[in-house]
Structures are given as C-alpha cells and as structure tokens.
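Each chain, written out:
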Amino acid sequence: MEKTLATSDNTRSISVLSSAAVKSRDAGFERRTKRRLSQTKASVCVSGEEEDDEEELKEKIEALQRIIPGGTALGVDALFEETAGYIMSLQCQIKTIKVLTSFIQRLDKQDMKFGG
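Here the residue numbering is sequential within each chain, running from 1 through the sequence in written order. Only residues with pLDDT of 70 or above have their local features reported here, since the model is predicted, and side-chain atom pairs are shown and tallied only from 80 upward, although totals for entire chains, interfaces and linings are computed over all residues. Remark: hydrogens and water are excluded; side-chain values derive from all non-hydrogen atoms of the structure.

Naming follows an unreviewed UniProt entry, where the chain appears as BHLH domain-containing protein of Brassica cretica.

Here it is as structure tokens:
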C-alpha cells in the first residue's frame with residue numbers, strides 16, 4: 001500500500017510497508033510460539049525425567065531397606081536415621097577388628113621371639 005503526502009514544496013511518496021509490518025508481527029508471534037512449544041517440550045521431558053528419578057529413588061530406598069537390619073519396617077526418615085547409626089556401628093566394628101588384629105599380630109611376634 002502506498003500513501004501520498006502532499007506538501008507545499010513537493011509531493012513525496014511515502015511507502016508504507018504494511019506487508020513488512022505484518023511479516024514482522026507474524027515473525028514475533030512465531031518466535032513466541034516456538035519458545036512456548038520448546039518450554040512445553042522441556043517441561044514434558046523434565047516430567048519424564050522426574051518420573052525416572054522418582055522410580056530410581058524408590059529402588060534405592062528399597063535396596064537400603066533390605067540392607068539395614070529392620071529397615072523394611074521403617075519409614076524413609078527413620079530409615080535414614082537408622083542407616084546413620086548402622087554406619088557408625090560398622091565403623092566401630094572395623095576399628096575393633098583392627099585393634100584385635102594388631103594385638104594378635106604382636107602376640108604372634110612375641111611368641112616367635114621366645115620360641116613359641
């Protein structure tokens with residue numbers, strides 16, 4: 001579409017690029033639509049990933065319940081507390097075994113010294 005602007009000096013022709021304005025508006029709409037679609041796709045992917053993560057978490061909790069003595073009867077919070085206590089108990093047992101092992105090794109060395 002072309003409009004004419006008449007002035008006292010001359011007549012100038014001003015080209016109104018209505019088709020360009022429409023194209024620009026359509027391009028903006030298309031960009032926004034693509035962005036919304038990509039965000040929707042991303043949220044769908046995240047939802048799928050979240051479901052996978054939740055399933056993996058459930059499997060790990062079930063495995064932990066099988067490892068911890070009495071864990072199958074515990075809820076998640078109590079299971080984690082019991083796990084912490086169980087780990088500390090195991091660490092204490094390891095230290096005890098190390099002390100006993102070194103004590104027995106020293107006894108064996110002394111027996112060898114004395115011909116035992």
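Further remarks concern the overall build of the chain. Secondary structure assignment for the chain yields two helices and two strands. Secondary structure is summarised from DSSP: a helix means a run of H or I of at least four residues, a strand means a run of E of at least two, and numbering begins at the N terminus for each. When the helices and strands of the chain are listed from N to C terminus, the series reads β-β-α-α. The rule is simple: take the accessible area with a 1.4 Å probe, protein chains only, and divide by the maximum for that residue type; under 20% is buried, over 50% is exposed, in between is partly exposed. With 116 residues in all, the chain has 6% of them scored as buried. Intrachain contacts of the chain at a sequence separation of at least 6 include 0% that bridge at least 24 residues. Any two residues having at least one pair of non-hydrogen atoms within 4.5 Å are treated as being in contact.

Moving on, we come to the pattern of salt bridges. Think of a salt bridge as a Lys or Arg side-chain nitrogen and an Asp or Glu carboxyl oxygen that are within 4 Å of each other. On inspection of all chains with the given rule, the structure shows one salt bridge. With its nearest N and O atoms 3.3 Å apart, the salt bridge here joins K60 to E56. Taken together, the residues K60 and E56, both in helix α1 (residues 18-67) and four residues apart, mark about one turn of the helix. Overall, K60 belongs to the exposed group, its relative accessible area being 53%.

Take the side chain of Q65 next. Along the chain, Q65 falls in helix α1. Exposure remark for Q65: the relative accessible area of 18% places this residue in the buried category. Identification of polar contacts relies on pairs of N or O atoms within 3.5 Å, with a donor-acceptor requirement for protein atoms, meaning one able to donate a hydrogen and the other able to accept it, and with residues adjacent in sequence counted only if both atoms are side-chain atoms. Here L74 takes part through its backbone oxygen, which lies 3.3 Å from a polar atom of the side chain of Q65. Non-local contacts of Q65, meaning those with residues more than four positions away in its chain, are made with G71, T72, L74 and L79.

With that settled, consider the environment of I87. Looking at the secondary structure, you find I87 in helix α2 (residues 76-113). A sequence separation of 19 residues divides I87 from I68, and the C-alpha atoms of the two residues are 9.5 Å apart.

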